[in-house]
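Read off the chains here:
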Amino acid sequence: MKFKLMAVIALTAALYSCDDSTTGVGDFVSNIDKIEASSDTYKVTSRTIRLKEVYSRTNRAYLGRFTDPDFGQYSADFITQINCPEGFEFPEHLDKITGTSLELYYTGFYGDSLATMTVQVDELSKAIEEDDKDLYYTSYNPTKYCNCDDETCIAQKTYTAVDLSVSDSLRNTSGYYPGIKIDLGEKFSNKIQSLYESNPEYFKDANSFINNVLKGFYVHTIQGDGSVVYIQDIWLRINMEYTVTGSQGQDSTAIGSSVLAASKEVLMSTKMMNDDKLDELVSDNEHTYLKTPAGLCTEIELPVDEIYDNHENDTLNSITLSIKKYKDAGISGESSYKMGIPQTLLMIRKEEMNTFFEQNKTYDNETSFLGTYDSSSNSYTFSKLNRLISHIFSEKRSETGETGSDRDKVVLIPVTTETDTEGNVIGVSHDMEVNAARLFGGEQGEELKIEVIYTKP
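A. Spotlight on the overall build of the protein. Each helix and strand counted, the protein has 8 helices and 22 strands in total. A principal-axis box enclosing the C-alpha atoms of the protein has dimensions of 100 × 50 × 45 Å. When each of the 457 residues of the protein is scored for burial, the buried share is 48%. At a minimum sequence separation of 6, the contacts of the protein that also span at least 24 residues come to 81%.

Shown next as structure tokens:
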């Protein structure tokens, strides 16, 4: 009988278990020869909530402005410091710094490729405080470090996302990256040269450079609407003339440049703003929405108490939630530029949604889960939720953890992931590109259901 029972248990696990680590709620003991798995479905409620700010510490920047008929106006500006590598030196016989430019290279953009945009570069008037955590959120106020007036403005530049002065053949090569090159002017160039000649120690490392030479830049759109660029690299290029001595002892003038770059060693933070048109979508109770960046996410209330009442002593083998997406993200269908589809969603307990990103956590399939967009079913699916439900069951029994109104709530947040060489997810961050989705659900919309597969002891 012992052998027979063990064989039945093994067979049952193979046939009915959808999770490689099912969570037992009661004792898994039986005196019968056959253990059957059963399933229940429960109604899930959802609604849209607005994200007025998100944690944005990233090595990319975003710049531009775009107005959508359904989602309203969105704008992105950024603050960046420039890294001076340790031991940096100009050529020994520097004659003159002939020019400096701030170069913004981007890997993609959203919107109208020919929309005329004007960007302004302001020099920060005070050094960024290292413990200023507000700068890590998209709602920070740049005027804390920059007056944004004639005194701090050092350059302006008008551009389009696609530069028609570049030939098609060059633009289509794999090594070409479009860029916005902003001349910083003679006054700024003279300042760099003067400080280097009088105090070369200011250029010995990033900290000294930032505090004594260049505190940073605030780069923001002052005119135009229609495109947002996704910036991968930020360079401060310093062009110069210097003297070299030839093999015969003769002197000649050489032309060159040095490049200082924004990098992960220094701060870069993007300020993002969505107008209040998003509030109209929050009040839509027949659908829910996802909108990036720093826009909308979907809140889901899990029927934990109902499941607990029915399955307190059962083994929860699998709990799965699938949410379908509408074909179009907007309602009116009037937008000329279709937003991308969020490809990966993080399901996280509402009480943990801020600390998850602040502490640079990754998903654990216990209180946080990833769901990817399936184009064949036009939906997002989250499995292994039995681990989360059982985790909340334990809290109910011990009366620990969150006991308020948010205990059973999770949120769906569009994210991007970072993987190692073996494909393992090692980082999760907010999706900062322009993407959107309209989902089935809402308090009065299409009913969502969660499926529970369980076995009785």
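B. Broad picture of helix α6 (residues 304-311). Taken as a whole, α6 has its buried residues at V304, I307, Y308 and H311. End-on view of α6: buried residues confined to an arc of 100 degrees, all on one side of the axis. Here the buried face of α6 lies against β2 (37-50), β15 (315-324), α8 (386-398) and β22 (448-455).

C. Molecular detail of the pairing of strand β16 (residues 344-349). Of all 6 residues making up β16, 6 are buried, and the element is well covered by its neighbours. Pairing of β16 with strand β17 (residues 368-374), which is carried by 5 bridges, proceeds in the antiparallel orientation. Its bridge partner being in β17, T344 is matched across the sheet by T372.

D. Expanded view of the packing of aromatic side chains. Summed over the entire model, instances satisfying the criterion amount to 18 aromatic pairs. On the basis of an interplanar angle of 75 degrees and a centroid distance of 5.5 Å, the ring pair of Y55 and Y137 is categorised as edge-to-face. Taken together, the residues span a long stretch of sequence, with Y55 in the loop between β2 and β3 (61-68) and Y137 in the loop between β6 (117-123) and β7 (153-159) at a distance of 82 residues. For Y55, a relative accessible area of 16% corresponds to the buried category. An angle of 65 degrees between the planes, with centres 5.7 Å apart, marks the rings of Y62 and Y230 as edge-to-face. A residue pair is termed long-range when its members are at least 10 positions apart, and Y62 in strand β3 and Y230 in strand β10 (residues 227-245) qualify at 168 residues. Note on Y230: relative accessible area 6%, which makes it buried. Here a set of aromatic residues connected by ring pairs shows up, and it is made of F88, F90, Y196, F203 and F209. Above the ring of Y74, the side-chain terminus of K291 is found at 5.1 Å from the ring centroid. A cation over a ring is seen here: R438 above Y326, with NZ or CZ 4.5 Å from the ring centre.

E. The arrangement of the pattern of salt bridges in detail. For the structure on display, the rule yields 22 salt bridges. R407 serves as the salt-bridge partner of D305, at 2.9 Å between the closest nitrogen and oxygen. Pair noted here: D305 is in helix α6 and R407 is in the loop between α8 and β19 (409-419), with a separation of 102 residues, a long-range link. Under the relative-accessibility criterion, R407 is labelled buried at 14%. One salt bridge in this structure joins R407 and D408, with 2.6 Å as the shortest N-O distance. Overall, the relative accessible area of 10% leaves D408 in the buried class. Three or more residues are tied together by salt bridges with common partners; here these are R47, E299, K350, D406 and K409.

F. The nonpolar core, seen in detail. Of all hydrophobic cores here, the largest spans 44 residues; its most connected members are F71, I79, F357 and I413. Among the secondary structure elements, those contributing two or more residues to this core are β3, β4 (72-80), β10, α5 (278-282), β14 (296-301), β16, α7 (353-358) and β19. Setting aside its immediate chain neighbours within four residues, F71 contacts D275, K277, L278, L281, Y289, K291, L296, A329, G330, M339 and A436. Core analysis: the second largest hydrophobic core is formed by 41 residues, M117, L214, V219 and M240 among them.

G. Region of interest: the side chain of H220. For H220, the location among the structural elements is in strand β9 (residues 217-223). Given the relative accessible area of 9%, H220 is considered buried. Among the polar contacts made by the side chain of H220, one reaches the side chain of D122 at a distance of 2.6 Å. Discounting residues that sit within four places of it in the chain, H220 has contacts with L63, D77, T118, V119, Q120 and D122.

H. Local environment of the state of the cysteines. This structure, assessed with the given rule, holds 0 disulfides. A disulfide-free cysteine, C146 has its sulfur positioned 3.4 Å from the sulfur of C148, the nearest such atom. Just so you know, C153 is unpaired, no disulfide at all, and the nearest cysteine sulfur is the one on C146, 9.0 Å from it.

I. Main features of unusual backbone geometry. The omega torsion of the bond from T292 to P293 falls at -5 degrees, within 30 degrees of zero and hence cis. Here P293 shows up in the loop between β13 (288-292) and β14.

J. Focus on the environment of V121. Turning to its location among the elements, V121 is positioned in strand β6. Sequence-wise, V121 and K327 are 206 residues apart; in three dimensions their C-alpha atoms are separated by 40 Å. For V121, the contacting residues outside a window of four places in its chain are L102, T152, C153, I154, A155, I182, L184, F217, Y218 and V219.

K. Geometry of α8. Between its first and last C-alpha atoms α8 spans 18 Å; for 13 residues at 1.5 Å apiece the expected length is 18 Å, and the two agree. Of the positions making up α8, those classed as buried are N386, R387, L388, I389, S390, I392, F393 and E395. A positive backbone phi angle near 55 degrees is found at E399, which sits one or two residues after α8.

L. Molecular detail of the pairing of strand β8 (residues 179-183). Residue alternation in β8 divides its side chains into a buried set, I180 and I182, and an unburied set, G179, K181 and D183. The pairing of strand β5 (residues 94-111) with β8 spans 5 bridges and is antiparallel. Within β8, the position partnered with L102 by the bridge is I182.

About the cut-offs
Residues numbered from 1 in each chain as written. Predicted model: local features only at pLDDT ≥ 70, side-chain atom pairs only at ≥ 80, totals over all residues. Heavy atoms only, no water. Helix = DSSP H or I, 4+ residues; strand = E, 2+ residues; numbered from the N terminus. Buried < 20%, exposed > 50% of the residue type's maximum accessible area, 1.4 Å probe, protein only. Contact = heavy atoms within 4.5 Å. Arc of directions from axis to C-beta. Pairing = 2+ DSSP bridges. Phe/Tyr/Trp six-rings, centres within 6.5 Å; stacked < 30°, edge-to-face > 60°. Lys NZ or Arg CZ within 6 Å of the ring centre and 35° of its normal. Salt bridge = Lys/Arg side-chain N within 4 Å of Asp/Glu carboxyl O. Core = buried A, V, L, I, M, F, W, Y, C linked by side-chain atoms within 4.5 Å. Polar contact = N/O pair within 3.5 Å; in protein donor to acceptor, adjacent residues only side chain to side chain. Disulfide = S-S within 2.5 Å. Expected span 1.5 Å × (residues − 1).

It is worth stressing that arrangement in space is one thing and function is another; only the former is reported here.
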